[in-house]
Amino acid sequence: MYEEDKRIVITLDAGGTNFVFAAMRGGEYITEPITYPSNAHDLDLCLQTMVKGFREVIESLDEKPVAISFAFPGPADYANGIIGGYLPNFPSFRDGVALGPFLQNEFGLPVFINNDGDLFAYGEALCGVLPEINEKLEKRGRSKRYKNLIGYTFGTGFGVGMVVNGSLNRGDNSCVETFCLPNKLKEGVILEDGVAIRAIKRVYGEESGQADHRLEPKDICEIADGKKMGNREAAVKAFSDFGETAGDAMAIAAQLIDGIIVYGGGVSGARHHFLPSLLKEMRSSFKTLGGDDVKRVQMEILDLDDPEELERFLKGSGKRIPVYGSDDTVEYEDVKRIGIISSKLGASKAIASGAYAFALNMI
């Protein structure tokens, strides 16, 4: 649907170090990215930079865009375009900045701002894995369709977004988050301290006895792969703990939202190391007081990047049951299934696609 839309939306990848400005049409970039330092420490300079970048993109186009839409990291009143609160990467915004109204006054365009985790999920739901999965189900002649999705970004933090029945769930306070859930492996510590780049680096340092190492997750992954010198057991442990901690949080969300789970971000390239412990945690069971085993996630969790598990997901039970009093039969899924899958768009493209689709749906 969005591939055929000719309207142009201006986008921004707003990082604490750099702003990257671009324009999208039909769900694809149509301009070369323009990058400027974000100057996040100085509010006046930051806003001037933002105006400069947006203006350059707009002036490079041969027709007027219909909106500005982008993600901004951190807490906000997104519905009203106000950014404020605890923003480690944007200290000058902490007292509250009416960013959306400011930009709307500058450019005379509708301005939409959302959380990056929300837009990642929305992009995957409308332009990424969800339509891809439903298309595969349709080709198999299945009537089953998925409308709900949970998206996670693995990187500097642990971002999350939820799409329910095709609509982005922004919550009543623009505060749909899981980073502050309890950490399964470290009592009294927030979840994000176990599911972020810093967690992989910390565990590797603790297990290897090299607290002052300068390694990044990519290096630690290569050590775990045996491609680079280092403490391989510590590297494997770092990713295993990451997966177990993430799986604990995902199990809670999956049971509440009951939809496809997609993940992306810089750490997702090491999925062959963290996914086994993540899936083990999601597939685990608890005991009732009567001693019975109860799965913590009632749906069967299938890895849709695994060809065999994808086939089982697409095939379904293949069961049909008769309609009483007639010769008709109906498809019956006696096993409930959801899938977990890595992003094929990539986090950055998914976020931009989400921003693009959100704007078009709002105007």
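Sequence positions are assigned chain by chain, starting from 1 and proceeding in written order. Totals for whole chains, interfaces and linings use every residue, but because this is a predicted model, local features are given only for residues with pLDDT of at least 70 and side-chain atom pairs only at 80 or more, for both listing and counting. As a rule here, side-chain values cover all heavy atoms of the structure and leave hydrogens and water aside.

J.: How would you summarise the layout of surface pockets if you had to cite specific residues and measurements?
T.: By volume, the largest pocket amounts to about 1400 Å³. Counting from the N terminus, the helices are the DSSP runs of H or I reaching at least four residues and the strands are the DSSP runs of E reaching at least two. Broken down by secondary-structure element, the contributors of at least two residues to the lining of the largest pocket are strand E1 (8-14), strand E2 (18-25), strand E5 (67-71), helix H3 (116-127), strand E9 (149-154), strand E10 (158-164) and helix H10 (347-362). Per-element tally for the lining of the largest pocket: the top contributor is H10, with five residues. Of the residues belonging to the lining of the largest pocket, the class tally is 25 nonpolar, 17 polar and five charged. Cavities and pockets are defined on a 1 Å grid built over the protein atoms alone: a cavity is a set of grid points where a 1.4 Å probe fits but cannot escape, while a pocket is an open set with protein on both sides within 12 Å along at least five of seven lines, and lining residues are those with an atom within 4 Å of any such point. Considering the residues around the second largest pocket, the lining is formed by 16 residues, among which Lys 144, Tyr 146, Asp 258, Lys 336 and Arg 337 are closest to the centre. In the lining of the second largest pocket, the residues fall into six nonpolar, two polar and eight charged. Grid points are joined across faces, edges and corners, and a volume is the space filled by probe spheres set on the points. Each residue gets one of three labels, nonpolar for Ala, Val, Leu, Ile, Met, Phe, Trp, Tyr, Cys and Pro, charged for Asp, Glu, Lys and Arg, and polar for the others, Gly among them.

J.: Describe in detail the packing of helix H4 (residues 129-139) against helix H9 (residues 307-315), supporting the description with residues and values.
T.: For the pair H4 and H9, the least separation of the axes is 9 Å and the interaxial angle reads 65°. Two packed elements cross with a definite hand, and for H4 against H9 that hand is right-handed. Seen from H4, the contacting residues are Ile 133, Lys 136 and Leu 137; seen from H9, they are Leu 310, Phe 313 and Leu 314. For the contact of H4 with H9, the class distribution of residues is five nonpolar, no polar and one charged. In this description, a line fitted to the C-alpha atoms serves as the axis of each element, helices being fitted only across the stretch in contact, and the angle between N-to-C directions of two axes falls anywhere from 0 to 180 degrees. Each crossing gets its handedness from the near helix: less than a right angle anticlockwise from the far helix is left-handed, clockwise is right-handed. Throughout, a contact is declared for two residues whenever any of their heavy atoms are within 4.5 Å.

J.: Could you give an account of the packing of aromatic side chains, naming the residues involved and the relevant values?
T.: By convention, a stacked pair of Phe, Tyr or Trp rings (six-membered ring in the case of Trp) has centres within 6.5 Å and planes under 30 degrees apart, an edge-to-face pair has planes over 60 apart, and any other such pair is tilted. Evaluated as defined, the whole model comprises 18 aromatic pairs. Plain terms: the ring middles of Phe 242 and Phe 274 are 5.2 Å apart, the flat faces sit at 50° to each other, and that makes the pair tilted. On the criterion of sequence distance, the pair formed by Phe 242 in helix H7 (residues 232-257) and Phe 274 in helix H8 (residues 271-282) is long-range, its members being 32 residues apart. We call a residue buried when its accessible area falls under 20% of the maximum for its residue type, exposed when it is over 50%, and partly exposed in between, using a 1.4 Å probe and counting protein chains only. Judged by relative accessible area, which is 1%, Phe 242 ranks as buried.

J.: Would you mind going over the environment of Glu 135 in detail, with residue names and values included?
T.: Within the secondary structure, Glu 135 sits in helix H4. C-alpha separation for the pair Glu 135 and Ala 246, spaced 111 residues apart in sequence, amounts to 29 Å.

J.: Could you give an account of the side chain of Ser 208, naming the residues involved and the relevant values?
T.: Following the sequence through the fold, Ser 208 ends up in helix H5 (residues 197-208). There is a polar contact of 2.7 Å between the side chain of Ser 208 and the backbone oxygen of Tyr 204. Of note is the side chain of Ser 208, whose polar atom sits 3.3 Å from the backbone nitrogen of Gln 210. Residues in contact with Ser 208, not counting those within four places in the same chain, are Asn 231 and Ala 234. Pairs of N or O atoms within 3.5 Å make up the polar contacts considered here, provided that, within protein, one atom can donate a hydrogen while the other can accept it, and that residues adjacent in sequence are counted only when both atoms are side-chain atoms.

Geometry only, nothing functional implied.
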